[in-house]
Amino acid sequence: MASPKITVLFYSTYGTNHAVAQEAVRAAEEAGAEVRLRRVKETAPQEVVNGQDAWKEQLERMSDIPEASPDDMEWADGYFISCPTRFGVVASQMRAFFDTLGGLWQNGKLADKPLTATTSANTEHGGQETTFLSIYLTAMHWGCVIVAPGYTDPVKFEDGGNPYGFSKASGELTDTDRRSISHQSRRLLEMAGKIRD
C-alpha cells in the first residue's frame, strides 16, 4: 500500500511560515509520506516587495521552491497549509490561490481529503484564530475533512494551546514549536491514510 501524498502549501512574507512548512515536510517524510512542498505566488507589487529588505530577501530564499498549481491539490491525499494572518483572515496571496481552484471544486477533486492549517501573526492575539476559521471555512466548501490538532498531544499544553492549529507570534521556531508542528503533520498523515483506505 502506497504512503499518502501530502501537499504542504504555504505563503510566507518574512520566513515564519516557510520554516513551519519545512518542519511539516520533514515530519511527514520521516513518517513515510510522499510530499510536495509548494509556495503560493507572490501577488504584491514588486515595488512594494522591494521596499522592504526582509520581504525581498525572503522571496529570494524561497526561489527554488516551485509555485503551487491546481495540479498539486488534485495530486494530494491531504493538505498542510501554513499562512500568515492579515487583519484577522488569511493573507490575500493564499486567498488568490484558493480562488483558482473552482474547477477542481466543481468536479469534486478536493472533497474528502483531510486538511490542517497553521498560521502566524506579529503578536500573540493578532488574529490567529479567525485566520484558522477563514481557512477552514474554505475547506468546508471544498468538502475537505478538517484535521485540527485539538488537544491530542501534551505538546498542545506547551505551545500556547491553540486547538485550531499551531500558531506563532514572532521569532524563530523553538523546540516546542517543532514538536507541535511535527505532531500536527503526523496527525494529518494518519488521517489521510485512514480516509484513503
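Keep in mind that this is a model prediction, so the values were computed, not measured.

Undergrad: Please set out the nonpolar core residue by residue, giving values where relevant.
TA: Core analysis: the largest hydrophobic core is formed by 29 residues, its most contacted members being Leu9, Met73, Met94 and Leu115. Secondary structure elements with two or more residues in this core: helix 4 (70-75), strand 3 (78-86), helix 5 (92-98), strand 5 (114-120) and helix 7 (128-142). Apart from residues no more than four positions distant in its own chain, Leu9 is found in contact with Arg38, Val40, Ala68, Met73, Phe80, Ile81, Ser82, Met94, Phe97 and Phe98. Among the nonpolar cores identified, the runner-up in size contains 19 residues, and Val25, Ile65, Phe166 and Leu188 belong to it.

Undergrad: Give me the lowdown on a nonpolar patch on the surface, citing residues and values where you can.
TA: Taken together, the side chains of Leu133, Leu137, Met140 and Ile146 make up a nonpolar region of the molecular surface, amounting to roughly 350 Å² of accessible area. At 3 residues, helix 7 tops the list of elements feeding residues into the nonpolar patch. With respect to the helices and strands, Met140 occurs in helix 7. Its relative accessible area of 51% is what places Met140 among the exposed residues.

Undergrad: Residue-level account of the layout of surface pockets, with values.
TA: Its boundaries defined by the atoms lining it, the largest pocket holds a volume of some 310 Å³. Lining the largest pocket we find 18 residues, and of these Glu124, Gln128, Gly160, Asn162 and Ser167 sit closest to its centre. Counting residues per element, the ones that place at least two in the lining of the largest pocket are helix 7, strand 7 (167-168) and helix 8 (175-196). A breakdown of the residues in the lining of the largest pocket according to their chemical character gives 3 nonpolar, 9 polar and 6 charged. Space inside the second largest pocket adds up to approximately 270 Å³. Contributions of two or more residues to the lining of the second largest pocket are made by helix 1 (16-30) and strand 3. Examining the composition of the lining of the second largest pocket, we find that 3 residues originate from one element, strand 3, more than from any other.

Cut-offs used in this document
- Residues numbered from 1 in each chain as written.
- Predicted model: local features only at pLDDT ≥ 70, side-chain atom pairs only at ≥ 80, totals over all residues.
- Heavy atoms only, no water.
- Core = buried A, V, L, I, M, F, W, Y, C linked by side-chain atoms within 4.5 Å.
- Buried < 20%, exposed > 50% of the residue type's maximum accessible area, 1.4 Å probe, protein only.
- Helix = DSSP H or I, 4+ residues; strand = E, 2+ residues; numbered from the N terminus.
- Contact = heavy atoms within 4.5 Å.
- Patch = residues over 30% accessible without salt bridge, like charges linked within 9 Å, V, L, I, M, F, W, Y side chains within 5 Å.
- Areas by Shrake-Rupley, 256 points an atom, 1.4 Å probe, with all protein chains shown as cover.
- Salt bridge = Lys/Arg side-chain N within 4 Å of Asp/Glu carboxyl O.
- 1 Å grid on protein atoms, 1.4 Å probe; cavity = no way out; pocket = protein on both sides within 12 Å on 5 of 7 lines; lining within 4 Å.
- Points joined across faces, edges and corners; volume = space filled by probe spheres on them.
- Nonpolar A, V, L, I, M, F, W, Y, C, P; charged D, E, K, R; others polar.

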